[in-house]
Amino acid sequence: MTLERIAEKLEKGERLTFDDGVALFRERDVLAVGLLANRVREKLHGDATYFNRNMRLEVTNVCVASCLFCSFAKLEEGAPGAHTMKLEDAWRELEARLDDPPAEIHVVNGLHPGLPFSYYEELLAGFKRILPTIHLKCFTAVEIHFFAEHYGMTYADVLGRLQRAGLDSLPGGGAEIFHPEVRTRIAHDKATAEQYLDVHRTAHKMGITSRRSSIAWITCCGSVISRTKPMAYRRSFRSRSIPTATGCATCPRLPPSTRSARSRSRASCSTTCRT
Ligand code: SF4
């Protein structure tokens with residue numbers, strides 16, 4: 001019955017409520033939920049499907065935090081399995097793909113306490129030197145918050161310096177579960193939900209677009225309510241955001257003038273498409 005009510009709202013183009021989101025999470029008929037989601041997708045985008053040719057790099061897995069669900073991080077340099085790339089090695093990864101280059105480089109890392117901030121600036125600047133058209137989606141809000149605390153800067157200072165070095169957008173990792181009780185249990189020593197959101201707010205004001213994602217939904221103890229909340233936050237963020245000139249060249253949701261002014265292929269779309 002609930003699903004029918006939600007289907008009616010979608011049909012009429014009505015906005016779903018927080019409770020509708022909770023009901024969708026609780027719905028056992030996932031195929032029916034998928035069908036509804038696809039209807040909305042087709043309403044917005046017709047037959048078009050967007051994808052992104054992406055190169056992913058983790059330049060360091062050394063991390064001072066200790067998230068409960070993380071099997072990636074190593075606490076210190078020299079620990080078994082710990083690695084930190086030399087800049088030249090990171091750049092070489094892109095150089096090796098120049099015959100058929102990716103549209104975007106996606107960089108996420110551990111929170112390394114021993115690298116100078118210039119390491120990250122040079123990393124980005126080097127990628128842009130090698131391929132000026134590459135889109136750099138680098139450093140989660142958790143990393144930006146860490147940089148600000150660790151190097152004694154504001155979020156705007158950190159983002160400004162990275163933007164000048166070539167940063168185009170932020171990946172969405174690190175959001176996990178926003179509910180303070182759950183977040184404290186699974187990730188007590190990284191950015192809080194409010195700090196995470198503040199980084200994104202600051203980035204948006206500076207024309208840096210961003211996403212939000214969670215790797216902890218399945219592996220941790222978040223309740224349906226605590227999983228729905230970040231999605232509600234994300235939607236309210238999206239509603240306030242204005243499409244920027246760094247988005248997908250062919251996105252049907254952007255004004256035609258914006259689309260024709262840009263020449264990037266549909267393959268590089270995932271940057272700002274707010275689906
Ligand atoms: S901050 Fe990121 S890399 Fe570090 S422990 Fe948490 S999830 Fe792992």
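Residues numbered from 1 in each chain as written. Predicted model: local features only at pLDDT ≥ 70, side-chain atom pairs only at ≥ 80, totals over all residues.

Student: Would you mind showing me how to read the overall build of the protein here?
Tutor: When helices and strands are tallied, the protein shows eleven helices and five strands. Looking at the protein as a whole, 31% of its 275 residues qualify as buried. The contacts in the protein between residues at least 6 apart in sequence include a share of 75% that link residues at least 24 apart. (Helix = DSSP H or I, 4+ residues; strand = E, 2+ residues; numbered from the N terminus. Buried ≥ 20, exposed ≤ 12 C-beta atoms within 10 Å, placed from the backbone. Contact = placed C-beta atoms within 7 Å.)

Student: Would you explain the site of the ligand in this entry?
Tutor: Close to the ligand lie Cys63, Ala65, Ser66, Cys67, Cys70, Phe72, Ala73, Gly110, Leu111, Val142, Ala187 and Lys190, which account for all nearby residues. Split into classes, the residues belonging to the shell around the ligand amount to nine nonpolar, two polar and one charged. (Near = placed C-beta within 6 Å. Nonpolar A, V, L, I, M, F, W, Y, C, P; charged D, E, K, R; others polar.)

Student: Just to check I follow, could you spell out the confidence of the model for the protein for this structure?
Tutor: Atom-level detail of predicted coordinates should not be read off regions where pLDDT is low. Counting all residues, the mean pLDDT for the protein is 83, and 77% of those residues have values of 70 or more. Confidence drops under pLDDT 50 across residues 241-275; counting only partners more than four residues distant or on other chains, this segment forms 60 contacts. (pLDDT = per-residue confidence, 0-100.)

Student: Please explain the pairing of strand β2 (residues 104-107) as it appears in this structure.
Tutor: Looking down a regular strand, the side chains alternate between one sheet face and the other. Pairing of strand β1 (residues 54-57) with β2 involves four bridges; the strand directions are parallel. By the bridge assignment, Met55 is partnered in β2 with Ile105. For the segment spanning β1, helix α4 (residues 87-95) and β2, crossover handedness is right-handed. As a crossover connection, the stretch from β2 through helix α5 (residues 117-130) into strand β3 (residues 135-138) is right-handed. (Pairing = 2+ DSSP bridges. Right-handed = clockwise from strand over helix to strand, strands pointing away.)

Student: When you look at helix α6 (residues 141-151) in this model, what are you seeing that I'm missing?
Tutor: The α-helix winds at 3.6 residues per turn, so residues separated by three or four positions along the chain end up facing the same way. Buried residues dominate α6, accounting for eight of its eleven residues. Inspection of α6 places Ala141, Val142, Glu143, Ile144, His145, Phe146, Phe147 and Ala148 among the buried residues, and these make up the whole buried set. Of the residues one or two after α6, Gly152 is the one with positive phi, at around 65°.

Student: Before we go on, may I ask you to explain the environment of Phe139 in this structure?
Tutor: Relative to the helices and strands, Phe139 resides in the loop between β3 and α6. In this structure, Phe139 is in contact with Val107, Ile144, Leu162 and Leu170, ignoring residues within four places of it in sequence.

Student: Help me understand the packing of helix α1 (residues 2-11) against helix α3 (residues 30-45), please; the structure alone is not making it clear to me.
Tutor: When two helices pack together, their arrangement is given by the angle between the helix axes and by the axis-to-axis distance. Remark: α1 packs on α3, axes separated minimally by 11 Å, with the N-to-C direction vectors making an angle of 5°. What the angle tells us is that α1 and α3 run roughly parallel. Between α1 and α3, the contacting residues are Leu3, Ile6, Ala7 and Leu10 on the first element and Ala32, Leu36, Arg39 and Val40 on the second. (Axes fitted to C-alpha atoms, helices over the stretch in contact; angles between N-to-C directions. Parallel < 35°, antiparallel > 145°, perpendicular 65-115°, else oblique.)

Student: Sorry if this is basic, but what is going on with the packing of α5 against helix α7 (residues 155-165) here?
Tutor: It is the contact of α5 with α7, at a shortest axis distance of 8 Å, that shows an interaxial angle of 30°. The angle between α5 and α7 places the two elements in the roughly parallel class. Of α7, the residues touching α5 (which contributes Tyr120, Glu121, Leu124 and Ala125) are Arg161, Leu162 and Ala165. A per-class count over the contact of α5 with α7 returns five nonpolar, no polar and two charged.

Student: Just checking my understanding: could you explain the nonpolar core for this structure?
Tutor: In globular proteins that are soluble, nonpolar side chains generally tend to be buried together. Residues Leu124, Leu136, Ala141, Ile144, Val158, Leu159 and Leu162 are the most contacted members of the largest nonpolar core, which totals 37 residues. A per-element tally of this core places α6 first, with six residues. Non-local contacts of Leu162, meaning those with residues more than four positions away in its chain, are made with Tyr120, Glu121, Leu124, Phe139 and Leu167. (Core = buried A, V, L, I, M, F, W, Y, C linked by C-beta atoms within 7 Å.)

Student: I would appreciate a short explanation of the environment of Val62 in the present structure.
Tutor: Take Val62: it is sitting in the loop between β1 and α4. Not counting the four nearest positions on each side in its chain, Val62 is found in contact with Lys74, Glu76, Glu77, Ala82, Thr84, Gly110 and His112.

Student: Explanation requested: the environment of Cys67 in the structure shown.
Tutor: Within the element layout of this structure, Cys67 appears in the loop between β1 and α4. Taking the number of C-beta atoms within 10 Å as the measure of exposure, Cys67 has 21 and is therefore buried. The contacts of Cys67, once residues within four sequence positions are left out, are Ile186, Ala187 and Lys190.

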